[in-house]
Amino acid sequence: MRSPRQWMATNTGLKVVAIILATVSWFFVQGITSDKRTIENVPIEVRPRAGQVILQQSAATASVVIRGTVEDLRQVQRTDLQLALDLTDQKETGRRQFALKPGDVRHPPRVQVVDVVPAVIGVQLDEVLERNVPVKPVLTGELPPGWVIERTNFVPAQVRVRGPRSVVVGLTEMETLPIDLTGRRISFRERVQLALPDPSVSLVKHSVVEADLRAAAALPPAPLAPAVQPPLRAPPA
């Protein structure tokens with residue numbers, strides 16, 4: 001039996017053919033597995049740290065470039081890709097720039113993610129804040145002539161709101177939806193919805209309050225006292 005050294009020294013033509021076939025096979029495999037496809041409008045999921053909220057992000061979707069065989073690329077749908085930006089380790093708030101990398105994309109194992117566009121996204125983070133604010137009635141319509149609202153109570157009188165610190169610190173009251181006073185002559189109770197001032201703000205517990213309003217006849221104005229005329233003095237003689 002010939003040693004490997006002896007085999008290497010002979011059959012030169014056969015070895016050249018083997019090398020050529022291997023090279024051609026490599027280029028062929030590379031060709032069928034190196035097709036690319038861009039899938040657009042893949043949603044970007046931003047995961048903030050607990051106790052933080054996203055105020056704005058510069059892009060809601062991204063284009064993801066994947067590579068694989070023609071058949072594998074054809075079968076991949078947008079729903080097969082999940083692009084998640086994990087910010088759970090970010091302590092700072094405010095507006096910052098973050099990179100979107102191929103590693104942020106979950107994808108079918110038969111394809112490879114090679115690029116994400118945009119490569120950078122701007123995200124504005126804020127701290128979550130809760131506080132109590134008083135309820136304020138919003139009254140519409142008119143009472144009958146001579147009647148006024150004498151008392152307005154709410155249960156609860158205050159509600160707890162939750163939202164971004166930059167928004168919640170500016171809330172001094174929580175208005176109700178309009179309460180119609182048209183034709184009211186007596187006291188009445190009514191459950192009324194609260195009107196959220198900003199979509200980023202939510203109510204921790206109560207979204208409806210009970211309004212207790214009392215209508216009463218206005219007191220007639222007090223009569224004016226007659227004007228006191230100064231005494232007349234006789235002219236000197």
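Above this text you will find the structure in question.
Everything quoted here is computed from the prediction, not taken from an experiment.

## A few points about the sheet that holds strand β10 (residues 147-155)
At step 1: Taken in spatial order, the three strands of this open sheet run β10-β16-β14, and their pairing is antiparallel. Looking at which strands have only one partner, the edges of the open sheet turn out to be β10 and β14 (188-193). Averaged over all neighbouring strand pairs, the angle between strand axes comes to 30°, with direction disregarded.
At step 2: With eight bridges joining them, β10 and strand β16 (residues 208-217) adopt antiparallel strand pairing. By the bridge assignment for β16, R151 is matched with R214.

## Examining the pattern of salt bridges
At step 1: For the structure shown, the criterion picks out twelve salt bridges.
At step 2: Here E45 makes a salt bridge to R47, at a shortest N to O gap of 3.2 Å.
At step 3: Residue class for R47 comes out partly exposed when judged on its relative accessible area of 37%.
At step 4: Close ionic contact of R189 with D212 constitutes a salt bridge, the shortest N to O distance being 3.6 Å. In this pair, R189 is assigned in strand β14 and D212 in strand β16, connecting sequence segments 23 residues apart.
At step 5: Among the charged side chains, a salt-bridge network with shared partners connects R151, R189, E210 and D212.

## Focus: the sheet that holds strand β1 (residues 35-48)
At step 1: With mixed pairing, five strands are arranged side by side in an open sheet as β6-β4-β1-β3-β7. Each having just a single partner strand, β6 (105-106) and β7 (112-117) make up the two edges of the open sheet.
At step 2: Relative to β7, strand β3 (residues 61-68) runs antiparallel, the two being bridged by five bridges. Bridge assignment links V65 to a residue of β7, and that residue is D115.

## Examining unusual backbone geometry
At step 1: In this chain, V117 is followed by P118 through a cis amide linkage whose omega measures 5°.
At step 2: Secondary-structure assignment places P118 in the loop between β7 and β8 (120-136).
At step 3: Residue V155 is joined to P156 through a cis peptide bond whose omega torsion reads -5°.
At step 4: Positioned with a positive phi, N41 is a non-glycine residue whose angle comes to about 60°.

Cut-off values and rules
- Residues numbered from 1 in each chain as written.
- Predicted model: local features only at pLDDT ≥ 70, side-chain atom pairs only at ≥ 80, totals over all residues.
- Heavy atoms only, no water.
- Pairing = 2+ DSSP bridges.
- Helix = DSSP H or I, 4+ residues; strand = E, 2+ residues; numbered from the N terminus.
- Axes fitted to C-alpha atoms, helices over the stretch in contact; angles between N-to-C directions.
- Salt bridge = Lys/Arg side-chain N within 4 Å of Asp/Glu carboxyl O.
- Buried < 20%, exposed > 50% of the residue type's maximum accessible area, 1.4 Å probe, protein only.

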